[in-house]
Amino acid sequence: MSAELQLAAKVVELIRELAGRSAEAEVMVRHHALALTRFANSAIHQNVAEATTGVRLRLHLDGRTASGSTTVTGAQGLRSLVERTIAAARVTPPDPGWAGLAHPAALHISAGHPGSGEHSGLAFGFDEATARATPAERAERVRAFVDAAGGLETAGFCRTEYLSAAFANTAGQAVEGRTAEAAMDGIARNAGFTGAPSGLPGGASRDGVGRLSASRLADLDGALLGARAAAKARATADAVELPPGQYEVVLEPTAVADLLQNFSVFGFNGKSWAEKQSFAELGKAQFDPSVTIVDDPLGSRGEPAPGLPFDDEGTPARSLVLVRDGVTQAVTHDRTSAAQAGAESTGHAAPTSRSWGPFPAHLRLEAGAAPADGIPDGPPSIAESARPFVARMRRGLLVTDLWYTRVLDPKTLVVTGLTRNGVWLVEDGEVTRPVGNLRFTQSYPRALGPGRVLGIGAESVLLPDNWGGAHYAAPALHLASWNITGNASG
């Protein structure tokens with residue numbers, strides 16, 4: 001039994017002692033260790049690390065629900081947590097939406113690999129070397145990134161993260177698991193070039209990006225990411241402006257990750273769906289038949305699992321197909337949203353899911369078939385999986401990244417945002433010139449609608465979420481149309 005599960009069991013015992021047998025309670029204990037090495041001006045300027053064990057209690061007593069948390073895990077600290085939460089429950093309004101506790105259920109694991117995904121054949125997303133990584137090991141990857149940029153100014157971070165967690169409730173459910181993650185995100189800056197587009201100051205800078213998430217620090221190649229970022233930055237010199245309009249686009253995986261993030265939070269969220277604020281219509285062909293989207297916290301296809309094997313209500317996590325061959329099949333639920341929808345929890349409870357809704361945190365857009373004639377050669381500024389689509393585009397845009405995206409209408413998931421880290425005009429299968437950053441306003445589901453997906457890359461790239469804790473496996477996408485609404489001049 002892990003130290004976290006022992007703590008969870010102690011809190012359950014205190015609930016029974018102080019609140020009585022009729023009380024319903026669930027306890028989540030997380031030991032979270034995060035280490036971050038940051039660099040700017042091509043030098044490391046900060047190395048920070050923290051390790052915290054937190055206990056979160058949710059208590060349902062006499063029809064009322066209250067929550068409490070603490071990082072003081074000694075005997076008195078745990079008793080104080082329970083006493084405070086009991087006192088809060090007694091003055092809290094009645095909770096008619098309480099959906100009860102998860103009953104004892106086994107995790108979806110294989111006998112030979114404790115904590116692993118049923119089909120992954122790998123230890124459950126955990127690499128001891130990553131969990132114990134040193135500042136020097138992260139610094140090695142930063143140095144490789146900086147050196148590979150060949151003199152361009154660089155900035156970014158390399159991080160390692162370790163999570164060991166356990167859950168217990170008064171209904172008898174008790175589970176535990178652990179996971180580790182590494183990520184690197186950096187830019188190379190091409191400063192001071194001439195020929196800036198109208199509306200931008202002369203000497204404006206352009207950036208290129210290298211970004212990747214992995215379950216093993218050993219899988220992060222700082223030199224590869226730095227070379228990619230530098231190639232993109234150099235290829236942005238002398239950018240031109242394009243007028244607003246509908247453009248055929250190839251989105252690289254770094255841009256597709258933003259689509260998946262917004263699909264996750266606003267589209268496949270069970271609370272939003274129950275409140276009719278989501279675009280999702282179960283059983284309807286809302287996407288092109290080439291599109292399949294899966295939430296996969298347990299790992300698959302030889303990839304370690306990126307998440308824990310249970311959620312914050314103790315429900316075992318499992319792979320969930322949200323879209324199959326273009327047809328929307330499911331949304332994600334915690335126990336509260338499932339009760340509202342007359343469904344079952346899909347294992348997506350989180351500390352904020354009763355307020356913000358449960359959403360999938362490990363989305364994968366399934367990769368397409370590899371091109372029969374292989375991947376054509378192209379400049380290193382183009383992601384390998386995007387090259388076949390560029391080669392067959394008559395006129396359109398190659399987009400590296402999307403950022404500062406904001407939802408204008410959650411029901412249709414119309415999003416506005418900007419391009420970033422490199423945009424290029426493609427004509428007759430060739431990248432002809434860089435383009436200044438563009439503003440877009442686009443319904444994400446419509447962009448991937450029937451007949452609008454011209455190609456899906458043959459390889460998915462695992463990318464970290466800006467908020468932390470989520471991962472998106474994204475291939476390149478070739479789309480028939482993307483709505484550009486502005487440029488550097490307005």
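In short, a report on the structure. (Residues numbered from 1 in each chain as written. Predicted model: local features only at pLDDT ≥ 70, side-chain atom pairs only at ≥ 80, totals over all residues. Heavy atoms only, no water.)

Re the overall build of the protein
- When its secondary structure is counted, the protein shows 11 helices and 19 strands.
- Against the compact-globule benchmark of 23 Å for 490 residues, the protein has a radius of gyration of 24 Å, which places it among compact chains.
- Considered along the principal axes of its C-alpha atoms, the protein spans approximately 75 × 50 × 45 Å.
- Of all 490 residues assigned to the protein, the portion counted as buried reaches 54%.
- Sequence-distant contacts, at least 24 apart, represent 72% of the contacts inside the protein between residues at least 6 apart.
- Carbon and sulfur atoms form 51% of the exposed surface of the protein, whose accessible area is close to 20000 Å². (Helix = DSSP H or I, 4+ residues; strand = E, 2+ residues; numbered from the N terminus. Rg over C-alpha atoms; globule rule 2.2 N^0.38 Å. Buried < 20%, exposed > 50% of the residue type's maximum accessible area, 1.4 Å probe, protein only. Contact = heavy atoms within 4.5 Å. Areas by Shrake-Rupley, 256 points an atom, 1.4 Å probe, with all protein chains shown as cover.)

Describing the pattern of salt bridges
- Summed over the entire model, instances satisfying the criterion amount to 18 salt bridges.
- Across the pair Asp401 and Arg211 runs a salt bridge whose closest N-O atoms are separated by 2.8 Å. Of the two residues, Asp401 is situated in strand β12 (residues 395-409) and Arg211 in strand β6 (residues 206-214); the sequence distance between them amounts to 190 residues.
- A salt bridge links Lys284 to Glu281; the nearest nitrogen and oxygen atoms lie 3.6 Å apart. (Salt bridge = Lys/Arg side-chain N within 4 Å of Asp/Glu carboxyl O.)

Digging into empty space enclosed by the protein
- Evaluated as defined, the whole model comprises 1 cavity of 30 Å³ or more.
- Of the volumes computed, that of the largest cavity is approximately 40 Å³.
- Lining the largest cavity are Glu26, Arg56, Arg58, Asp312, Glu313, Asp334, Ala349, Ala350, Ser353 and Arg354.
- Looking at the lining of the largest cavity, the elements that each hand over two or more residues are β2 (43-61) and α9 (353-356). (1 Å grid on protein atoms, 1.4 Å probe; cavity = no way out; pocket = protein on both sides within 12 Å on 5 of 7 lines; lining within 4 Å. Points joined across faces, edges and corners; volume = space filled by probe spheres on them.)

Here we look at helix α2 (residues 75-90)
- With 16 residues, α2 ought to run about 22 Å at 1.5 Å a step, and its terminal C-alpha atoms sit 23 Å apart, in line with that.
- Taken together, the buried positions of α2 are occupied by Gly77, Leu78, Leu81, Val82, Thr85, Ile86 and Ala89. (Expected span 1.5 Å × (residues − 1).)

Brief notes about the packing of aromatic side chains
- Enumeration over the complete set of coordinates arrives at 10 aromatic pairs.
- Ring centres 6.0 Å apart and planes at 55° place the aromatic pair Trp403 and Tyr404 in the tilted group.
- Members of the aromatic cluster, connected to one another through ring pairs, are Phe263, Phe268, Phe279, Phe287, Phe440, Tyr444 and Trp482.
- Positioned over the ring face of Tyr404 is Arg406, at 4.4 Å from the centre of the ring. (Phe/Tyr/Trp six-rings, centres within 6.5 Å; stacked < 30°, edge-to-face > 60°. Lys NZ or Arg CZ within 6 Å of the ring centre and 35° of its normal.)

Focus on the pairing of strand β7 (residues 245-251)
- Of all 7 residues that make up β7, 5 are buried, and the element is covered over most of its length.
- In terms of strand pairing, β7 meets strand β19 (residues 477-486) through 6 bridges, oriented antiparallel. Bridging from a neighbouring strand, Val249 pairs with Leu479 of β19.
- Of the strand pairs in this sheet, β7 and β12 are connected by 4 bridges, and their pairing is parallel. (Pairing = 2+ DSSP bridges.)

Description of the sheet that holds strand β3 (residues 64-70)
- Strand order in this open sheet of 6 strands is β3-β2-β1-β4-β5-β6, and the pairing throughout is antiparallel. Two strands lie at the open edges of the sheet, namely β3 and β6, each paired on one side alone. Averaged over all adjacent pairs, the angle separating strand axes in this sheet is 15°, with direction ignored.
- The sheet contact formed by strand β1 (residues 24-40) and β2 spans 17 bridges and is antiparallel. If you follow Val29 over to β2, its bridge partner there is Val55.
- Across the sheet, helix α1 (residues 3-19) touches β1, β2, β4 (153-169) and β5 (174-190), and the angle it forms with β4 is around 45°.
- Across the sheet, helix α5 (residues 222-234) touches β5 and β6, and the angle it forms with β6 is around 155°. (Axes fitted to C-alpha atoms, helices over the stretch in contact; angles between N-to-C directions.)

Considering the packing of α1 against α2
- Contact geometry for α1 and α2: axes closest at 10 Å, N-to-C directions at 50°. It follows from the interaxial angle that α1 and α2 lie oblique. Here the hand of the crossing between α1 and α2 comes out right-handed. Of the residues in α2, those touching α1 at Leu7, Lys10, Val11, Leu14, Ile15, Glu17, Leu18 and Ala19 are Leu78, Arg79, Val82, Glu83 and Ile86.
- The class makeup of the residues in the contact of α1 with α2 is 9 nonpolar, no polar and 4 charged. (Parallel < 35°, antiparallel > 145°, perpendicular 65-115°, else oblique. Left-handed = near helix turned anticlockwise from the far one by under 90°. Nonpolar A, V, L, I, M, F, W, Y, C, P; charged D, E, K, R; others polar.)

Examining the pairing of β19
- Most of β19 is tucked away: 7 of the 10 residues are buried.
- Bridge analysis of strand β15 (residues 439-443) against β19 gives 2 bridges, and the strand direction is antiparallel. By the bridge assignment, Arg439 is partnered in β19 with Gly486.
- By the bridge criterion, 3 bridges tie strand β16 (residues 453-456) to β19 in an arrangement that is antiparallel. By the bridge assignment for β19, Val453 is matched with Leu479.

With respect to the sheet that holds strand β9 (residues 320-324)
- Taken in spatial order, the 6 strands make up an open sheet running β10-β9-β8-β11-β18-β17, and their pairing is mixed. Edge positions in the open sheet fall to β10 (327-328) and β17 (461-464), since each of these has one partner strand only.
- Where strand β8 (residues 293-295) meets β9, 3 bridges bridge the pair, whose relative direction is antiparallel. Paired with Val294 across the two strands is Val321, which belongs to β9.
- Lying over the sheet, helix α6 (residues 253-267) contacts β11 (362-365), β17 and β18 (471-474), oriented at roughly 125° with respect to β18.

Details of the nonpolar core
- Core analysis: the biggest nonpolar cluster contains 45 residues, and Phe263, Leu397 and Trp482 have the highest contact counts within it.
- Excluding residues that lie within four positions of it along the chain, Trp482 makes contacts with Gly245, Gln246, Tyr247, Val249, Leu251, Leu259, Leu402, Phe440, Gln442, Tyr444 and Ala447.
- The next biggest cluster of nonpolar side chains, apart from the first, holds 22 residues, and it includes Ala8, Val12, Val27 and Leu61. (Core = buried A, V, L, I, M, F, W, Y, C linked by side-chain atoms within 4.5 Å.)

Spatial relationships are all this shows, so hold off on functional conclusions.
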